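Residue strings, one per chain:
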Amino acid sequence: MDREAIVARDKKYLWHPYTPMAEYIESGDPIVVDRARGARLYDRDGREYLEGNSSWWASLLGHNHPRLVRALEEQLERFAHVALAGTTHEPAALLAEKLVAVTPERLTRVFYSDNGSTALEAAIKLSAQYWHQNGAPGKTRFLSLAEAFHGETLGVTALGGVDAFRRPFGGLVMSVTHLPSPAEDLDRALESLRGELERSSREIAALVVEPLVQGAGGMRLYSPEYLRRARELTEHYGVHLIVDEVFTGYGRTGPMWASSLAGIEPDVLCTAKGLSAGLLPFAATLASEEIFRGFDGGEERAFYYGHTYFGNPLGAAVALEVLRVYEEERILEGAEVRAAFLARAFDSLRGVPGVRNVRALGMIAAFDLEDEVDGYLSRAGWRVARAAKRRGALVRPLGNVVYLAPPLNVALEDLERLAAIVLESTREVLVEIEAEKKS
Ligand SMILES: *Cc1c(COP(=O)(O)O)cnc(C)c1O
């Protein structure tokens, strides 16, 4: 089928996530991916594009890493799926052992699911049920941060603090207290966390945070000090600390986990995206032994939660191989060099009129474009994205936030090209905006 025929059917029948469809049908010009290798996507029309955001932050080892493809094929030849209930299998068991070994010490048990949202959904249900059956049934409320993002199901939509995503469902979701974010003001964030715990810890099940970076909220970085103090405070007041490492895990911020960068031991850790490196939907929620033991006892104390594909053997086999690749190809060490380059490249935008908050952490670099509409609904970043696409790079913005979050093992020359494209495209758009202001 040729490119036009695919796009015609797409526009006639498909409904894309996070996409204003009328505008897309009218003028959208999607990349029709035919093949993908490393950090490159190849369109049916023969053009190629560098991946600026690892396919929604998942392809941390690039596309179709040969070792991951082989691991998937080998598992597929044995069997593709069994329910993780009354049956088990080597990939699930072995992966659980390895995950416990590579995560903070306090985490001893692995609960599988199939995407980041369900990993968080499992985390909040674990916490709520734990308190329900361990003498504190009043602890039913969750704390999260302003501008947080924890996924898409209705449960975790409640935790989310990005107004554009929450608004349509505001009347439906459970009650969550959104605390001020440390990305705005560390002292104020700590003060309000302390106050909330002091007043209401008897009603609070857990604090849920994205460690060090609020991703979808606009690549908002904050100090590890917040996590250290939040750990002390939640411990003191008997509240679970759930860290959402769906985006930050697997070396995105430098070390394997952003939690480790802050030196904290959470009660629950959620991982997805990098876990299966963009090959398959797969996720895990790790919990402490104390939480796990809180489910001991009769039938009625078991954790009654599990979607059909939880613990899927294909995902587990790939995730196992991902960990081996990290070790044998020294992915984190290699990413350090790339991260330093990326930060330097973005530094050149500091002080440029129209650009604010140039920042970088690990394999994330970002800046804000000045715009009257701030946040996710701004269209400013899309102008840079269009200019970058013409130059051969896929750079999906978050409103007025332009960022790169490429695969951790992106070839250095690809990374140089990617950064150059973003910088050139940004300068081009800034010049256009200046000219528009004058006319
Ligand atoms: C992407 C993301 C999620 C949701 O993961 P899905 O696999 O898209 O459901 C949750 N939390 C964070 C921090 C994320 O970046």
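Use the structure listed above.
Residues numbered from 1 in each chain as written. Predicted model: local features only at pLDDT ≥ 70, side-chain atom pairs only at ≥ 80, totals over all residues. Heavy atoms only, no water.

S.K.: Quick question: what am I supposed to make of the overall build of the protein here?
M.R.: Summing up its helical and strand segments, the protein has 16 helices and 16 strands in all. Taken over the C-alpha trace, the protein has a radius of gyration of 22 Å; the compact-globule value for 439 residues is 22 Å, and the two agree within 12%. Dimensions of the protein along its principal axes, counting C-alpha atoms only, are 70 × 55 × 45 Å. Buried positions account for 54% of the 439 residues belonging to the protein. At a minimum sequence separation of 6, the contacts of the protein that also span at least 24 residues come to 70%. As presented, the protein carries roughly 19,600 Å² of accessible surface, and 53% of it is formed by carbon and sulfur atoms. (Helix = DSSP H or I, 4+ residues; strand = E, 2+ residues; numbered from the N terminus. Rg over C-alpha atoms; globule rule 2.2 N^0.38 Å. Buried < 20%, exposed > 50% of the residue type's maximum accessible area, 1.4 Å probe, protein only. Contact = heavy atoms within 4.5 Å. Areas by Shrake-Rupley, 256 points an atom, 1.4 Å probe, with all protein chains shown as cover.)

S.K.: Would you mind showing me how to read unusual backbone geometry here?
M.R.: A negative phi angle characterises most non-glycine residues, just as the trans form characterises most peptide bonds. With a phi close to 50 degrees, Tyr-18 is a non-glycine residue in the positive phi region. One non-glycine residue, Lys-273, adopts positive backbone phi at about 40 degrees. If you trace the backbone, Lys-273 turns up in the loop between β11 (268-271) and β12 (283-288). Its relative accessible area of 24% is what places Lys-273 among the partly exposed residues.

S.K.: Honestly, the environment of Pro-211 in this entry has me stumped. Any pointers?
M.R.: With respect to the helices and strands, Pro-211 occurs in the loop between β7 (204-209) and β8 (213-214). A relative accessible area of 0% means that Pro-211 is categorised as buried. Setting aside anything within four residues of it in sequence, one finds Pro-211 in contact with Tyr-222, Leu-227, Val-243, Asp-244, Glu-245, Thr-248, Ala-258 and Ser-259.

S.K.: How do you make sense of a nonpolar patch on the surface when you look at a structure like this?
M.R.: A grouping of Leu-154, Phe-169 and Leu-172 is seen on the molecular surface, where their side chains present a nonpolar patch of about 300 Å² in accessible area. Tracing the chain through its elements places Phe-169 in the loop between α8 (163-166) and β6 (176-179). (Patch = residues over 30% accessible without salt bridge, like charges linked within 9 Å, V, L, I, M, F, W, Y side chains within 5 Å. Salt bridge = Lys/Arg side-chain N within 4 Å of Asp/Glu carboxyl O.)

S.K.: How should the packing of aromatic side chains be read in this particular structure?
M.R.: Two numbers describe a pair of aromatic rings. These are the distance of the centres and the angle of the planes. Inspection of the entire model under this criterion finds 19 aromatic pairs. Between Tyr-18 and Phe-165 the ring centres are 5.2 Å apart and the planes differ by 80 degrees, which places this aromatic pair in the edge-to-face class. Residue Tyr-18 is located in the loop between α1 (3-13) and α2 (21-27), and its partner Phe-165 is located in helix α8; the two are separated by 147 residues in the primary sequence. Of the residues examined, Tyr-18 reaches a relative accessible area of 33% and is grouped as partly exposed. The buried category is assigned to Phe-165, whose relative accessible area is 17%. Ring pairing ties together the aromatic residues Tyr-18, Trp-56, Phe-149, Phe-165 and Tyr-376, which thus form one cluster. For the cation-ring pair, Arg-109 lies above Phe-292, with the distance from its terminal atom to the ring centre recorded as 3.9 Å. (Phe/Tyr/Trp six-rings, centres within 6.5 Å; stacked < 30°, edge-to-face > 60°. Lys NZ or Arg CZ within 6 Å of the ring centre and 35° of its normal.)

S.K.: I tried to follow the pattern of salt bridges on my own but got confused; where do I start?
M.R.: When the charged atoms of two side chains with opposite charge come close together, those side chains can pair. One pass over the structure, following the stated rule, counts 37 salt bridges. Here Asp-45 ties to Arg-47 by a salt bridge, and the two come within 2.9 Å at their closest N and O atoms. Across the salt bridge formed by Arg-231 and Glu-235, the nearest N and O atoms sit 3.8 Å from each other. Remark: Glu-235 and Arg-231 occur in helix α10 (residues 224-237); sequence separation between them is four residues, near one turn of the helix.

So, to be careful, I would describe these as geometric facts and stop short of saying anything about function.
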